[in-house]
Amino acid sequence: MDRKWWKESIVYQIYPSSFQDSDGDGIGDLNGIRSRLDYLKDLGVNVLWLCPIMDSPMDDNGYDISDYCDIDPMFGTLADMDNLITEAKKHHIRIIMDLVLNHSSDEHRWFQEAKKSRDNPYHDYYVWRDGVEGTPPNKMRATFGGSAWTWVPEVGQYYFHQFSIKQPDLNWDNPALRQELYKAIRFWMDKGVGGFRLDVIDQIAKDPDLGITSNGPMLHAYIRELNANTFGSTDLVTVGEAWGANVQNAPIFSDPRGKEFSMVFQFEHIGLDQIPGKAKWDLAPLQLSALKEVLTKWQVGLHGKGWNSLFWNNHDLPRIVSRWGNDGAYRQESAKMLAAAIHLMRGTPYIYQGEEIGMTNPHFSSISDYRDVESHNMFIERAAQGQSPDELLAILASKSRDNSRTPMPWHAGENGGFSDGEPWIGLGDNYQEINVEAALADPDSVFYAYQQLITLRKTLPLLTWGDYEDLLPEHPSLWCYRRQWQGQTLVVAANLSRELQAWQPAEAPGEWKMIISNYAETTPRPTGLTLRPFEAIWWLQG
Ligand code: GLC
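These notes cover the structure that comes with them. (Residues numbered from 1 in each chain as written. Predicted model: local features only at pLDDT ≥ 70, side-chain atom pairs only at ≥ 80, totals over all residues. Heavy atoms only, no water.)

For sheets, the rule is that strands pair by backbone hydrogen bonds, running either parallel or antiparallel. Spatially, β6-β8-β7 is the arrangement adopted by the 3 strands of the open sheet, whose pairing is antiparallel. Here the strands that pair on one side only, and so sit at the sheet edges, are β6 (128-130) and β7 (149-152). The sheet shows a mean angle of 35° between the axes of neighbouring strands, taken without regard to direction. As paired elements, β6 and strand β8 (residues 157-160) share 3 bridges and run antiparallel to each other. Bridge assignment links Arg129 to a residue of β8, and that residue is Tyr158. (Pairing = 2+ DSSP bridges. Helix = DSSP H or I, 4+ residues; strand = E, 2+ residues; numbered from the N terminus. Axes fitted to C-alpha atoms, helices over the stretch in contact; angles between N-to-C directions.)

This is how it looks when you write it as structure tokens:
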């Protein structure tokens, strides 16, 4: 048992522009977040991860930073950030910041200098290749569509960008660049932040000539240097976002000896509803057995060797209740079932704003409803290739990142209480029914299920330390697992379908204490079980 505060914590992720506006400009801000700390404390979370709030032209909503040591005026000031950190501490909540170190904005001073001439000292802060206008160095594609290379006539070269053309990749092979980034990290450490989430950190050590974007040969050397120059000797929590992490390399990223990060944030379980080898837009039905296989692999494979994040949602993913639950008749049941199934595993649980009230996808129906650069680029690119607008809108309605970026509905009134101004993106179509006020007023709401799960994690060490065994790996609709620790056993059974599902557990559940169910009536069941649609039940013994 290697105790660390962040292994026993629950993280709540905030998308600042959509959480709470305090000044009526239609965009959420730091003072808005501060005004909601009591709510977050009541929910029980003790860490807030804020998506980027640094200076940015907002081409990718802050993931394109133009000054690493300042707050974007849209969100407030450095003084507002100090106040937020101080107030959060009083609520026993730590703030973690999002660090985007793989690329900057093209409006960052470094890039403005870099593109002036090849001799400019900042030129080498970015990744350039010679070439001829119109013929990029190779065929690499950017994640947000188009070529990964953009021509700059002033220097007669292409720069490399894994994301949008306004997000030039930083050249981590340049030692001066690395030192500048460490300095910026120390600036925020001095302000008293609780840690960092490191955006696409597995992509910093790239070699575009070889087509390498993640897990490049120098990756772990760079991460160790970063660690040693910044948070290495502190108790800050650090979360490495790594799309390229696998169960073999995750122990390197999150080695308990602490040379890299506290934990990984990886996506293997969450990409299973797309056609293998194709883009996330190419939808395929989820096979529960595949999901369980991936989750078990991580639960077992990382045990004692590293640490994982537990999540269904974030600002890049659609709402889980719409995705793998049911956002109609069984919204509450399926939201609670999914919450229980993920929160009762081993790792640090993450709740994405609105998940705790069972927010659904917003059901946008027009391309003008969308704000996300990735969604717009996809729509333009695929429409040009002949895919029909209706089909593309249906894909966006299920997979666009904007599904999770709609404003937090605090009550049923105007703009859901999010802002007195015109929100920068529309609210979901059901905010009059699904909002915080309604959730707090209903003792059976999704909110209280999350609150119970959080309390359980704080009081039941088995959840943090116990091992994990899948009891029914092949079943297409039931997900049943057992956790064990120091003579205590927890069994979880979840039905991911809208049909009744029978299960005969090996142990006699009659002797067990049933702790929580997601259906109102909680009578213990003597032998054998029939789980109702989207039902989740669990017992504790010992
Ligand atoms: C990460 C972020 C995503 C962003 C991308 C580029 O995946 O979560 O929102 O667009 O990196 O920074």
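Looking now at the environment of Ser147. Relative to the assigned elements, Ser147 resides in the loop between β6 and β7. Classification of Ser147 as partly exposed rests on a relative accessible area of 27%. Counting along the chain gives 22 residues from Ser147 to Asp169, while the straight-line C-alpha distance between them is 13 Å. There is a polar contact of 3.0 Å between the side chain of Ser147 and the backbone nitrogen of Trp149. (Buried < 20%, exposed > 50% of the residue type's maximum accessible area, 1.4 Å probe, protein only. Polar contact = N/O pair within 3.5 Å; in protein donor to acceptor, adjacent residues only side chain to side chain.)

To continue, consider the sheet that holds strand β2 (residues 47-50). Spatial ordering of the open sheet is given by β11-β10-β9-β5-β2-β1-β13-β12, a layout of 8 strands whose pairing is parallel. What marks the edges here is a single partner per strand, and that holds for β11 (263-265) and β12 (309-310). With 4 bridges connecting them, strand β1 (residues 11-14) and β2 associate as parallel partners. Counted as the bridge partner of Tyr12 is Leu48 from β2. Across the sheet, helix α3 (residues 78-90) touches β2 and β5 (94-99), and the angle it forms with β5 is around 140°. (Contact = heavy atoms within 4.5 Å.)

For the rest of this paragraph, the subject is the site of the ligand. In the vicinity of the ligand, 14 residues are found, and the nearest of them are Asp60, His103, Asp199, His315 and Asp316. A class-by-class count of the residues in the shell around the ligand yields 5 nonpolar, 2 polar and 7 charged. (Near = heavy atom within 4 Å. Nonpolar A, V, L, I, M, F, W, Y, C, P; charged D, E, K, R; others polar.)

Residue Met58 is not a glycine yet carries a positive backbone phi of 65°. When you line up the elements, Met58 lands in the loop between β3 (54-55) and β4 (67-71). According to the relative accessible area criterion, Met58 is buried, its value standing at 18%. Positive phi is not limited to glycine here, since His92 has a value of about 60°. Taking the relative accessible area as the measure of exposure, His92 reaches 60% and is therefore exposed.

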